[in-house]
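Observations on chain architecture
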Amino acid sequence: MISRTLLLAMALTGFVAGAPLWALAADAKLAAAISAPDRDSVNKARDGARHPQASLEFWGLKPGQTLVEVAPGAGYWSEILAPYAKNTGGHYIAATGKPDQKLPQKFNDKAVYGDIHYTVFSNSSGPIGPANSVDLVLTARNIHDWLWTPGMAEKSMRDFYAVLKPGGILAVEDHRADPRPQNGDAHDGYVATSTIVGLAEKAGFKLEAKSEINANPKDTKDHPFGVWTLPPVRQSAQQGDDPKFDHTKYDAIGESDRMTLRFRKPA
């Protein structure tokens, strides 16, 4: 237990182990968003594989930021980022593939998720938002898909660079092919780190840091249905589902080995 004397000292100095008190409060709000009862139980069950707090802290999430999440899907990250932005004075923007594509209905609850804004990102979309207007763009497990459409991965990096403020962050998570070579256009879902770094640097980003937060050394990256053989997809046939397929060894691997990268737009 922290003594009252120590608490007073912390309040007077404004620092704990070199960190200002507002930073500790922000961390508490992030932890609260992750542990919130409103989160889907299926998503919570994946936290052990996705490491949300460590990943977001590595990427540089801060209170009051304007955030864009690209292709949020059913809302794994949205469940965390939208309440965090609401409770720290920030803004959360979901970049979906079509103008009428929205997050699930529950995200309309402004008391929990705040005022979620939407924009469109696709291979033919215009700017994600006004130039130099966003603090952080997150793309999680998307780039391998974009490699299948000629020019889309390159467009994505240009779009992200344009919308980010000088000094803004591009946060990337994707299935990692390394140490083996990437298979063609990554149709098995596994991308070489060098591919993503090359795309980002060509657009003007600087690779600031790599993390092993989401590494999984058990992933051999040699599965009959690519990365989708593993949880959570657990694919068992080219079409439909094969009830005779033995998932045992793939379930034992768990979710994929993933790169976790932080790029910055030069200030």
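Numbers given to residues run from 1 along each chain, matching the order in which its sequence is written. Whole-chain, interface and lining totals are the exception, using all residues; otherwise, since this is a predicted model, local features are given only for residues with pLDDT of at least 70 and side-chain atom pairs are given and counted only at 80 or more. Hydrogen atoms and water are omitted, and side-chain values are computed over all heavy atoms in the structure.

**Side note on the layout of surface pockets**
Of the pockets and cavities examined, the largest pocket occupies roughly 530 Å³. Space inside and on the surface of the protein is sampled on a 1 Å grid over the protein atoms alone, with a cavity defined as a set of points where a 1.4 Å probe fits but cannot get out and a pocket as an open set with protein on both sides within 12 Å along at least 5 of 7 lines; lining residues have an atom within 4 Å of a point. Together, 30 residues line the largest pocket, and Arg 46, Arg 50, Gly 73, Ala 140 and Arg 141 are the ones closest to its centre. At the level of secondary structure, the elements contributing two or more residues to the lining of the largest pocket comprise strand 3 (66–70) and helix 8 (143–146). Of the residues belonging to the lining of the largest pocket, the class tally is 15 nonpolar, nine polar and six charged. Grid points are joined across faces, edges and corners, and a volume is the space filled by probe spheres set on the points. Working definition: helices are DSSP H or I runs of at least four residues, strands are E runs of at least two. Numbering for both runs from the N terminus. Residues are grouped as follows: Ala, Val, Leu, Ile, Met, Phe, Trp, Tyr, Cys and Pro are nonpolar; Asp, Glu, Lys and Arg are charged; every other residue, Gly included, is polar.

**Quick word on the confidence of the model for the chain**
Of all residues in the chain, 90% have pLDDT values of 70 or greater, and the mean over the chain is 92. Values of pLDDT, the confidence the predictor places in each residue, fall between 0 and 100. What makes two residues a contact is simply this: any of their non-hydrogen atoms within 4.5 Å. Low pLDDT, under 50, characterises residues 1–24; the stretch is placed with 13 contacts to residues that sit more than four places away or in other chains.

**Concerning the sheet that holds strand 3**
Whenever strands of a sheet pair, they do so through backbone hydrogen bonds, lying parallel or antiparallel. Pairing is mixed across the open sheet formed by seven strands, whose spatial order is 5-4-3-6-7-9-8. Every interior strand has two partners, whereas the edge strands, strand 5 (117–120) and strand 8 (206–211), have only one. The average undirected angle you get between the axes of adjacent strands in this sheet is 20°. By the bridge criterion, six bridges tie strand 6 (residues 134–140) to strand 7 (residues 164–175) in an arrangement that is parallel. From the neighbouring strand, Ala 140 faces strand 7, where its bridge partner is Glu 173. Between N-to-C directions, angles cover 0 to 180 degrees, with each direction set by a line fitted to C-alpha atoms, over the stretch in contact for helices. Helix 5 (residues 52–59) rests against strand 6, strand 7, strand 8 and strand 9 (258–264) of the sheet, and its axis sits at about 30° to strand 9. Across the face of the sheet, helix 9 (residues 152–163) comes into contact with strand 3, strand 6 and strand 7 while running at roughly 145° to strand 7. Strand pairing follows a simple DSSP-based rule, namely that at least 2 bridges must link the two strands.

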